[in-house]
Amino acid sequence: MLLKHLRLDNFHILVTFPQVAMSLGKSLRTACLWMEHKWPVASRYLICRQLSTGASNAEAVFRSKLAEGPTFQDFLKNSFQRNEGPTEIEEDPPPYLTATLSAGGIQQVYLETYGCQMNVNDAEIAWSILQSSGYRRTYTLSEADVVLLVTCSIREKAEQTIWKRLRDIGALKRRRQRSQLPLRIGILGCMAERLKEEILEREKIVDVVAGPDAYRDLPRLLTVAESGQQAANVLLSVDETYADIMPVHRTANTTSAFVSIMRGCDNMCTYCIVPFTRGRERSRPISSILEEIRMLSDQGVKEVTLLGQNVNSFRDSSEVHSHPSTPTMLSRGFNTIYKAKKGGLRFVDLLDQVSRVDPEMRIRFTSPHPKDFPDEVLQLIQERNNICKQIHLPVQSGSSRVLQAMGRGYTREAYLELVQHIQECIPGVSLSSDFIAGFCGETEDDHQQTVSLLRAVRYNMGFLFAYSMRAKTRAYHRLQDDVPPKVKQRRLDELVTVFRQEAAKVNMKAVGSTQLVLVEGPSKRSLTDLCGRNDSNLKVIFPDTEVEDQHSGVASRAKCGDYVLVKITGSSSQSLRGVPIQCSSLRSSHAFR
């Protein structure tokens, strides 16, 4: 093995590999100075690795001379003999802090997001971390030095979309001229967590793989990738909430934003991959959440959606010592696989404080589990003018037998009883839900029970999917995916048809009413119309004409972020149509709700 002989200041060091310096947490030069201070007897020669057994004669001679030098005992002896303080040495900065400089300039990052709103928020967190490390963001793929895909693993179709996109980006990477900085590609999020080895092996073009709890490590991973190596970090955390990271939202003029309040899930539904890709449930401190919402309010954001896999199980344990240790109270007829949690601030406390930040900011939340709906939460939603009277209540199936196989912790009857209770507590509430068609062992009778549930509840919004078995889940190990794909698709089509029929009936009841609409911008189908959403989160289309302001009396065109009172004149299963009456506000429009 070849040796490298260095002269630093007035002493010599013999090294075979630089890792000795890194093991000390310092650069090579710093490590040498440190050794000179601690062990002066050994300052002339330091053997960092034994010579190979096949050493040359010259090396053998040199080894014999070294044998006459200081021993390990001399190192220890002189270490204890010196008592003076350490020499002040300026340490080199960690290599990832100067990653962009090593490439000869500031690098541009292109981000694409797939899947749920949590991934949108994850992309904002990842970008905040990269921005603080000197990267710039581009929205043009061809200009990017780094391409990061924030991925979803909830269904097979979502992963297939990512594989296809990777092939497209890989072609771009190969077309890059040799004189240009090589394009680096990273897979972030749930798919990275679930398929880490396969991503690195199957698609050799991928340079970086980072799980949902590893975004802080992105600068280092990208630096490793600069050297031509693949880099991965998919370690899950029991406490990572990114509470100290302020997400960077894409545009400062947006009307709405997503705010993550917790990460992970403990419910362990048999079909769900989330506990395995996002880890255990942990909540973000309320103080951090309020800080972000105040910042969004200052930026003019008019609607915030609180995000989590199970938001109404929120529990801020950082406040456990100053609040009673009351256990979680489940909805009647519901149970869970884990022990009741105690202490800390609950979701009702968070909702109360968040709604006080800005009375003109709408507050929504998703996604809750039906088991966690205490009356305190329902009462607060009813009382606060800026908490939307719309609740997402995922049911997944209308069959008690299938719900048991899914591990949902409730029956059809318990769910319907909860729906009735919510409707009594919050008159006029709008409900949305999730449905899975063709779960393991689902019969035609089970399917028809789901159809009848759709007709009984009449949701105004729904998210319906055919079942897709995921590896690692309990269903994967214990159940059989025995419903044929064609049957799944047929059942899904039937559910979609029934949902639209019932949603059309619900929306038709809004015709003739006056509703407050938050303007989002021009309609996608017509430049002469504006589009916004009402309290029920339903899309409302109306003409882009001048309307009088309720407070100033001045007539002008409504703009993005304005509240407009709209008289509803028509409806469909997906949206409402109306005519604008006047610009208003949340507080002054309370009578129209």
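Predicted model, so just to flag it, every value in this text is computed and none were measured. Position labels on residues start from 1 in each chain and follow its written sequence. Only residues with pLDDT of 70 or above have their local features reported here, since the model is predicted, and side-chain atom pairs are shown and tallied only from 80 upward, although totals for entire chains, interfaces and linings are computed over all residues. As a convention, hydrogens and water are excluded, and side-chain values are obtained from all of the structure's heavy atoms.

## Focus on the overall build of the chain
To qualify as a helix, a DSSP run of H or I must reach at least 4 residues; to qualify as a strand, a run of E must reach at least 2; elements of each kind are numbered from the N terminus. Regarding its fold elements, the chain presents 19 helices and 25 strands. For the chain, with 593 residues in total, the buried portion stands at 51%. Contact definition: two residues touch when any of their heavy atoms are within 4.5 Å. Long-range pairs, those at least 24 residues apart, make up 72% of the contacts in the chain between residues at least 6 apart in sequence. For every accessible area listed, the method is Shrake-Rupley and the probe measures 1.4 Å; residues are considered covered only by the protein chains on display. Entry remark: accessible area of the chain is about 28900 Å², with carbon and sulfur atoms responsible for 52%. Only protein chains enter the area calculation, which uses a 1.4 Å probe; residues under 20% of their type maximum are buried, those over 50% are exposed, and those in between are partly exposed.

## Focus on the nonpolar core
Residues Leu 306, Phe 347, Leu 351, Ile 391 and Tyr 459 are the most contacted members of the largest nonpolar core, which totals 55 residues. Other than its neighbours up to four places away in sequence, Phe 347 contacts Ile 261, Leu 306, Val 311, Asn 312, Phe 314, Phe 365 and Val 377. We call a set of buried residues a nonpolar core when its members are Ala, Val, Leu, Ile, Met, Phe, Trp, Tyr or Cys and they connect through side-chain atoms within 4.5 Å of each other. Judged by nonpolar contacts, the second largest core, of 24 residues, contains Leu 111, Ala 123, Ile 129 and Leu 148.

## Re the pairing of strand S22 (residues 546-549)
Examined bridge by bridge, S22 and strand S23 (residues 555-557) share three bridges and lie antiparallel to one another. Paired with Val 547 across the bridge in S23 is Ser 556. When DSSP locates at least two bridges between a pair of strands, those strands are taken to pair. Between S22 and S23, which pair antiparallel and follow one another directly, the connecting turn spans five residues, one of which, Gly 553, has a positive phi of 80°. As defined by bridge partners, S22 adjoins strand S25 (residues 575-584) across two bridges and the pair is classed as parallel. Its bridge partner being in S25, Glu 548 is matched across the sheet by Gln 582.

## Points about the pattern of salt bridges
The working definition used for a salt bridge is a side-chain nitrogen of Lys or Arg within 4 Å of a carboxyl oxygen of Asp or Glu. Scanning the entire structure with this criterion turns up 37 salt bridges. When the shortest N-O distance is used, the salt bridge between Asp 244 and Arg 216 registers 2.5 Å. In this pair, Asp 244 is assigned in the loop between strand S8 (231-233) and strand S9 (256-260) and Arg 216 in the loop between strand S7 (208-210) and helix H10 (218-226), connecting sequence segments 28 residues apart. For Arg 216, a relative accessible area of 37% puts it in the partly exposed group. Asp 562 serves as the salt-bridge partner of Lys 559, at 3.6 Å between the closest nitrogen and oxygen. Shared partners join several salt bridges into a network, and the residues in it are Asp 122, Asp 213, Arg 263, Arg 278 and Arg 282.

## Examining the packing of helix H16 (residues 412-425) against helix H17 (residues 444-457)
The interhelical angle for the contact between H16 and H17, taken along N-to-C directions, is 10°, at an axis separation of 12 Å. Classed by the angle they form, the pair H16 and H17 counts as roughly parallel. Mapping the contact onto sequence places Arg 412, Tyr 415, Leu 416, Val 419 and Gln 423 in H16 and Gln 449, Ser 452, Leu 453 and Val 457 in H17. To obtain each axis, a line is fitted to C-alpha atoms, and for helices this fit is confined to the stretch in contact; angles are then taken between N-to-C directions over 0 to 180 degrees. In what follows, roughly perpendicular refers to angles from 65 to 115 degrees, roughly parallel to angles under 35, roughly antiparallel to angles over 145, and oblique to any angle outside these ranges.

## Brief notes about the packing of helix H12 (residues 286-298) against helix H13 (residues 347-357)
The geometry of H12 relative to H13 is characterised by a closest axis approach of 10 Å and an angle of 25° between their N-to-C directions. The pairing of H12 with H13 is recorded here as roughly parallel in orientation. Of the two elements, H12 crosses H13, and the hand of that crossing is right-handed. Contacts between H12 and H13 pair Ile 286, Ile 289, Leu 290, Ile 293 and Arg 294 from the former with Asp 349, Leu 350, Gln 353, Val 354 and Val 357 from the latter. Each residue gets one of three labels, nonpolar for Ala, Val, Leu, Ile, Met, Phe, Trp, Tyr, Cys and Pro, charged for Asp, Glu, Lys and Arg, and polar for the others, Gly among them. A class-by-class count of the residues in the contact of H12 with H13 yields seven nonpolar, one polar and two charged. For a crossing to be left-handed, the near helix must be turned anticlockwise from the far one by less than a right angle; the clockwise case is right-handed.

## A short note on the confidence of the model for the chain
Known as pLDDT, the predictor's confidence for each residue is given on a scale from 0 to 100. Here the chain shows a mean pLDDT of 83. Residues at 70 or above account for 78%. Counted against residues more than four places away or in other chains, residues 1-55, with its pLDDT under 50, gives 88 contacts.

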